[in-house]
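One-letter residues, chain by chain:
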Amino acid sequence: MSPFLLIVCLLPVTVLAGGWNKNCIKKPVGFGYRTTGGQGGRTVTPKNIQELKNYLGSKEKLIIVLDRTYDFTNSEGWATSSGCVILKCGGGYQESLAHAGTCNGRPLTKVKYAKAGTTEIIVGSNKSILGKNGKGVIKGKGLRIKNAQNVIIRDISITDINPKVVWAGDALAFDNVKNVWVHGVTFARIGRQHLVTYQQQNTGITVSSCFFDGTSKNSAFCNGAQYWIWLFWGTRDEITLINNHVFKTAGRTPHAGGWSKALSYVHMIGNYMDLNPHTGIEPRSGSNILAEGNVFKQYTNVINPQAKGGHLALVNNAKQAATCKKYFGQNCKVNSLQGSKSTTWFDESVLQAFSKLDRNAINGARAASCL
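Residues numbered from 1 in each chain as written. Predicted model: local features only at pLDDT ≥ 70, side-chain atom pairs only at ≥ 80, totals over all residues. Heavy atoms only, no water.

Per an unreviewed UniProt entry, the protein goes by the name pectin lyase and belongs to Thrips palmi. According to its UniProt record, the protein has this under Function (unreviewed entry): "Pectinolytic enzymes consist of four classes of enzymes: pectin lyase, polygalacturonase, pectin methylesterase and rhamnogalacturonase. Among pectinolytic enzymes, pectin lyase is the most important in depolymerization of pectin, since it cleaves internal glycosidic bonds of highly methylated pectins." (UniProt positions renumbered as here; feature names shortened; annotations may be inferred.)

Draft legend 1. The arrangement of the overall build of the protein in detail. The number of helices and strands found in the protein is six helices and 28 strands. Principal-axis analysis of the C-alpha atoms gives the protein an extent of 55 × 55 × 40 Å. Out of the 371 residues belonging to the protein, those deemed buried represent 57%. Total accessible area on the protein is roughly 14200 Å²; 50% of this is exposed by carbon and sulfur atoms. If you average the places of the 43 positive and of the 20 negative side-chain charges in the protein, the two averages end up 1 Å apart. (Helix = DSSP H or I, 4+ residues; strand = E, 2+ residues; numbered from the N terminus. Buried < 20%, exposed > 50% of the residue type's maximum accessible area, 1.4 Å probe, protein only. Areas by Shrake-Rupley, 256 points an atom, 1.4 Å probe, with all protein chains shown as cover. Lys, Arg positive; Asp, Glu negative; His and termini not counted. Charge placed at Lys NZ, Arg CZ, Asp CG, Glu CD.)

Draft legend 2. Fine view of the sheet that holds strand E6 (residues 108–114). Read across the open sheet, the four strands follow the order E6-E4-E5-E12; overall the sheet is mixed. In this open sheet, the two edge strands, each paired with only one partner strand, are E6 and strand E12 (165–166). As defined by bridge partners, strand E5 (residues 95–97) adjoins E12 across two bridges and the pair is classed as parallel. Following the sheet pairing, Glu-95 is matched in E12 by Val-165. (Pairing = 2+ DSSP bridges.)

Draft legend 3. Looking closely at the UniProt feature "domain: Pectate lyase" (unreviewed entry) in the protein. Under the local residue numbering, the UniProt record ascribes the feature "domain: Pectate lyase" (unreviewed entry) to residues 82–302. Annotated as 0% helix and 52% strand, the span residues 82–302 places its first and last C-alpha atoms 35 Å apart.

Draft legend 4. Geometry of the sheet that holds strand E17 (residues 211–213). If you trace the nine strands from one edge of the open sheet to the other, you get E3-E9-E11-E14-E17-E20-E23-E26-E28, paired in parallel fashion. Looking at the sheet topology across the chains shown, the edges are occupied by strand E3 (69–71) and strand E28 (336–338). Going from strand to strand, the sheet's axes swing by 10 degrees on average, the running direction of each strand aside. Sheet topology note: the strand E11 (residues 157–161)/strand E14 (residues 186–190) ladder contains four bridges and is parallel. Across the sheet, residue Ser-157 finds its bridge partner in E14, namely Thr-186. (Axes fitted to C-alpha atoms, helices over the stretch in contact; angles between N-to-C directions.)

Following this line, the structure appears as structure tokens:
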């Protein structure tokens, strides 16, 4: 039986006033359309966190069914290390571990964090990780797909990874991967990145119909909105972001590129980008971002005003949409700015760069776009 049909998420259909429908995509489209996951492997249901880790990291082809909450929060104890406060603002601030220059120029303090969150569970090749009856939750620890290919993650939640502390855990990391489909996943209360690619090649990735909930009592800008959402900085990333609901965020939607060997192709299509009081898309050096058919609702800045060096095609009118036809054989879709400040950044070189990639992936995502 296909892993796509094995588990049916029984959560109610989520339809927003703006038209977001979580369940409108039924199969992988975009760059990850070839992904089959653990299809053909045996089906297992881990009974505890150790079994979950063992199954995820095994070399066996598996369909892994999550039917409960796997809480890692206290599994490795707690630690206190040197760190700082990102921005002091009463009780709503976020702290950071002293790492990668984050605390430069900021007064140091002691930061307490759950050790489990600082390292992700390794996920091997040929896995389907599927939630059952809305009960598949991984709490307090994220996942890292590492040196692997052909992975499906569907209808689970990843939550509560040191939400107060930057550098104390990511929700989902891609580290030298090929062919991954992440679908119907809820991300909530994450201290650092919801999604991150590391500095190797990460291709054939589709993230669809996920809910990225940035609501946080502890935020970098003290506004209740998570800043650290999507960071893509591989040596070659090919990523489709389609039909996701991104709610109450403050930055990095996405941040792409930004170092000397970075090269990213990010197709951002048909997403419901909902409420951002700070900044959104950050095209840095090495990035190619095609953003079409998205709804940007109440975005103070659709694009980070400080972003530079990257390439972005933000399709905001019919003329720009028609420019796509000579590269893809069809028009792009126009973004909708609902209560968001109008902005312009349409770099045709992005279309030229994308035209050299898999047209089935690009046009297939456009055909599947729900907004």
